[in-house]
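Take a look at the letters that make up each chain.
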Amino acid sequence: MISTLTATHIQKSYSFEGIEQTVLSDINLTFTQGQLYAITGSSGSGKSTLLHLLGGVDTPTAGKILFNAVDINAMRQTERTMLRTKNIGFVFQFHYLIRELSVIENVALNAQISGINSTEAYDKASQLLDHVGLRQEKLKYPHQLSGGQQERVAVVRALINSPTFILADEPTGNLDAHNAQALMDLLLDCHKQWGPGIIIATHDAAISSRMTHVLNIKDGVIL
Ligand SMILES: Nc1ncnc2c1ncn2[C@@H]1O[C@H](COP(=O)(O)OP(=O)(O)OP(=O)(O)O)[C@@H](O)[C@H]1O
Ligand SMILES: [Mg+2]
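Predicted model, so just to flag it, every value in this text is computed and none were measured. (Residues numbered from 1 in each chain as written. Chains lettered and ligands numbered in written order. Predicted model: local features only at pLDDT ≥ 70, side-chain atom pairs only at ≥ 80, totals over all residues. Heavy atoms only, no water.)

## Details of the pattern of salt bridges
Argument step 1. Per the counting criterion, the structure on display carries six salt bridges.
Argument step 2. Measuring nitrogen to oxygen at the nearest pair gives 3.8 Å for the salt bridge that ties Glu 100 to Arg 99.
Argument step 3. Looking at Arg 99, the relative accessible area reads 65%, which means it is exposed.
Argument step 4. Between Glu 137 and Lys 140 there is a salt bridge, with the nearest N and O atoms lying 2.9 Å from each other. (Salt bridge = Lys/Arg side-chain N within 4 Å of Asp/Glu carboxyl O. Buried < 20%, exposed > 50% of the residue type's maximum accessible area, 1.4 Å probe, protein only.)

And the structure:
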């Protein structure tokens, strides 16, 4: 079965100091497993907001997010956690690595949560970290890494369970052109290997040009 992630009549507003700001107005989109999407738009246009809603990290003010026609915000907490662990690999714009865990522990933990035994989780984490040039950093802690290295750890952590969808918020924001390209190559390798849907929020034209669908957010709507 090909999975889908759908936004229906999504609205998101924030209220700050008594002023209501509508970031997303009426978003209707379906993302399909196996397809490559870029979400573009100027800073503050709502790219991260949309990705957080799609990933079940945040809840919409109105409308629904459906994973295979099931409303993810109507799921029980444990069901939603499992969905996020197994089906939706999320790369946050600000990484959110666990400070108290080493690089390899950060990555392997995500596999262990999904039920993989610890030897296999560490083997897989180790292989993926080698693949993104972090062979020497596995035992370091997040504060001992550069911004771009943290970024690569965050991407690898999102990939380890071979999720149905990979949602990545500016995954190359801290990388030089060479490493940005290598990270995109890794994501496209994953796409070849198990065919996830990939949704990337980005300002980088070099990335959106490698995606098959480019969506642009402006004034709360998709152009
Ligand atoms: N928790 C919050 N409370 C109030 N306003 C918020 C909150 N989170 C986001 N916003 C506002 O929502 C708007 C969209 O933010 P968002 O982070 O989605 O933008 P973005 O397109 O990802 O921008 P960037 O390219 O800079 O990452 C911004 O105007 C921001 O100030
Ligand atoms: Mg953002």
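## So, the packing of helix α3 (residues 103-113) against helix α4 (residues 118-131)
Argument step 1. Following both chains from N to C, one finds α3 and α4 inclined at 125°, their axes separated by 8 Å at the closest point. Of the possible angle classes, the one that applies to α3 and α4 is oblique. Note on packing geometry: the crossing formed by α3 with α4 is right-handed. Touching Val 103, Ile 104, Glu 105, Val 107, Ala 108, Ala 111 and Gln 112 of α3 are Ser 118, Ala 121, Tyr 122, Ala 125, Ser 126 and Leu 129, all from α4.
Argument step 2. Looking at the contact of α3 with α4, its residues break down into nine nonpolar, three polar and one charged. (Axes fitted to C-alpha atoms, helices over the stretch in contact; angles between N-to-C directions. Helix = DSSP H or I, 4+ residues; strand = E, 2+ residues; numbered from the N terminus. Parallel < 35°, antiparallel > 145°, perpendicular 65-115°, else oblique. Left-handed = near helix turned anticlockwise from the far one by under 90°. Contact = heavy atoms within 4.5 Å. Nonpolar A, V, L, I, M, F, W, Y, C, P; charged D, E, K, R; others polar.)

## Thoughts on the coordination of the magnesium ion (ligand 2)
Argument step 1. With distances of 2.0 to 2.3 Å, the protein atoms coordinating the magnesium ion (ligand 2) are Ser 48 (OG) and Gln 93 (OE1). With Ser 48 in helix α1 (residues 47-54) and Gln 93 in the loop between β6 (88-91) and α3, this pair connects stretches of sequence that are 45 residues apart. (Donors = N, O, S within 2.8 Å, 3.2 Å for Na, K, Ca; no water.)

## Focus: the packing of α3 against helix α5 (residues 147-159)
Argument step 1. The N-to-C vectors of α3 and α5 enclose an angle of 25°; their axes lie 8 Å apart at closest approach. Taken together, α3 and α5 sit at an angle that is classed as roughly parallel. Relative to α5, the crossing made by α3 is right-handed. Taken together, the residues of α5 that come into contact with α3 (itself represented by Val 103, Asn 106, Val 107 and Asn 110) are Val 153, Val 156 and Arg 157.

## Thoughts on the site of ligand 1
Argument step 1. Of all residues adjacent to ligand 1, which total 14 residues, the nearest are Ser 43, Gly 44, Lys 47, Ser 48 and Thr 49.
Argument step 2. The contact in question runs from an oxygen atom of ligand 1 to an N or O atom on the side chain of Gln 21, over 3.0 Å.
Argument step 3. When the free accessible area of ligand 1 is taken as 640 Å², the share hidden by the protein chains comes to 65%.
Argument step 4. Secondary structure elements with two or more residues in the shell around ligand 1: β2 (19-32) and α1.
Argument step 5. In terms of residue count, α1 provides more of the shell around ligand 1 than any other element does, three residues in total.
Argument step 6. A per-class count over the shell around ligand 1 returns two nonpolar, 10 polar and two charged. (Near = heavy atom within 4 Å. Polar contact = N/O pair within 3.5 Å; in protein donor to acceptor, adjacent residues only side chain to side chain. Areas by Shrake-Rupley, 256 points an atom, 1.4 Å probe, with all protein chains shown as cover.)

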